[in-house]
Amino acid sequence: MLFGALEAGGTKMVCAIGNENGEIFEQISIPTDTPEITLTKIAAYFKKHPIEALGIGSFGPIDLNKTSPTYGFITTTPKLAWANCNLVGYFKKELCCPIGFDTDVNASALGEVTWGSAKGLNSSIYITVGTGIGVGVYQNGSLAHGMLHPEAGHILLAKHPEDSYKGKCPYHGTCLEGLASGPAIEERWGQKAINLISEMKVWQLEAYYLAQAIVNYILILSPKRIILGGGVMHQTQLFPLIRKQVKELLGGYIQTKELDDLDTYIVPAGLNDNQGIMGCLELARLSI
């Protein structure tokens, strides 16, 4: 079967054609402009292909409550042009096919569960660390939804005693995203992360915040595996630093076989940065 996949991001929209096996046949990127400009281009692309369904993983917040009158909308996003944008309604009208819809990071979590580093597990979380920080939660064999959807990139943390940075998040200042996202690293240190590879103090501080968040996720969600992706996590020196601090922060309180081997518990994304678009293919399949 031929499916469409749309990974809707704040700076670009990735569109792809693939199948139920996660195979991607072609992929394009469209800059995120106004909805009027961007959605027209996306619809034109998908109309060239006989897709059976479309899967959308979108930046948010979004409305995932199917009984809500605003189901399928991007809601209170700080990207004001996109606030209250009816994504699902637009593509249902334009493409006349079923639409699968979730957050971009939940789509990534689904991609990793279906084909990647969490394959075969009924419980895992996917954390993306890049321009923002998001957490996709997969529990008891399905993506976690509730009142809204997890916004675990904005949990509040204890600041490092030597960190005077005010935080990048316009809503919370020193939440996880405000302290550990790519823009936070750049603003705190005055350089992009890619230029700070050899600065160990940068990555020790980054690991301090990510480990603190991961310990909270372990204690609350009890995932069977934790996957870290996104641009910042291309700095692979972070993984051993994070694992070490997670172990110290847990203090031996929880005893499980997973935590006995943190090298296989806290792991990199496994799909060559295609976890989001592959997860969208699975969202499309599940919508039929």
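I will try to describe carefully the structure that is included in this document.

Conventions used here
- Position numbers for residues start from 1 in each chain and track the written sequence from start to end.
- Thresholds applied to this predicted model are a pLDDT of at least 70 for local features of residues and 80 or more for the giving and counting of side-chain atom pairs; totals over whole chains, interfaces and linings are not thresholded and use all residues.
- Hydrogen atoms and water are omitted, and side-chain values are computed over all heavy atoms in the structure.
- Pairs of strands are assigned from DSSP output, requiring at least two bridges between the strands.
- Under the DSSP-based scheme used, a helix requires at least four consecutive residues in state H or I and a strand at least two consecutive residues in state E, with every element numbered from the N terminus.
- Every axis corresponds to a line fitted to the C-alpha atoms, with the helix fit spanning only the stretch in contact, and the corresponding angles, defined between N-to-C directions, vary from 0 to 180 degrees.
- We call two residues in contact whenever any of their non-hydrogen atoms come within 4.5 Å of each other.
- With a 1.4 Å probe rolled over the protein chains alone, any residue whose accessible area is under 20% of its type maximum counts as buried; one over 50% counts as exposed, and the rest are partly exposed.

Taking strand neighbours across the sheet as the criterion, the five strands line up as β3-β2-β1-β4-β7 in an open arrangement whose pairing is mixed. Two strands in the sheet have a free side with no partner beyond their single neighbour: β3 (24-31) and β7 (99-103). Averaged over all pairs of adjacent strands, the angle between their axes in this sheet comes to 15 degrees, without regard to strand direction. Direction of pairing for strand β2 (residues 12-18) relative to β3: antiparallel, over a ladder of seven bridges. Each residue of the ladder has a partner; that of Met-13, found in β3, is Ile-30. Packing against the sheet, helix α1 (residues 35-47) makes contact with β1 (3-8), β2, β3 and β4 (53-58), and its axis sits at approximately 10 degrees to β2.

Moving on, we come to the environment of Gly-9. Take Gly-9: it is sitting in the loop between β1 and β2. What makes Gly-9 buried here is its relative accessible area of 18%. Separated by 49 residues in sequence, Gly-9 and Ser-58 have C-alpha atoms that sit 6.3 Å apart. Ignoring sequence-local partners within four residues, the contact set of Gly-9 consists of Thr-32 and Phe-59.

Following Gly-60, the chain continues into Pro-61 via a peptide bond in cis, with omega recorded as 5 degrees. Locating Pro-61 in the fold gives a position in the loop between β4 and β5 (73-74). Located in the positive-phi region is Ser-222, a residue other than glycine, with phi close to 55 degrees. Residue placement: Ser-222 occurs in the loop between α6 (200-221) and β11 (226-229).

So far we have only geometry, and geometry alone does not tell us how the molecule works.
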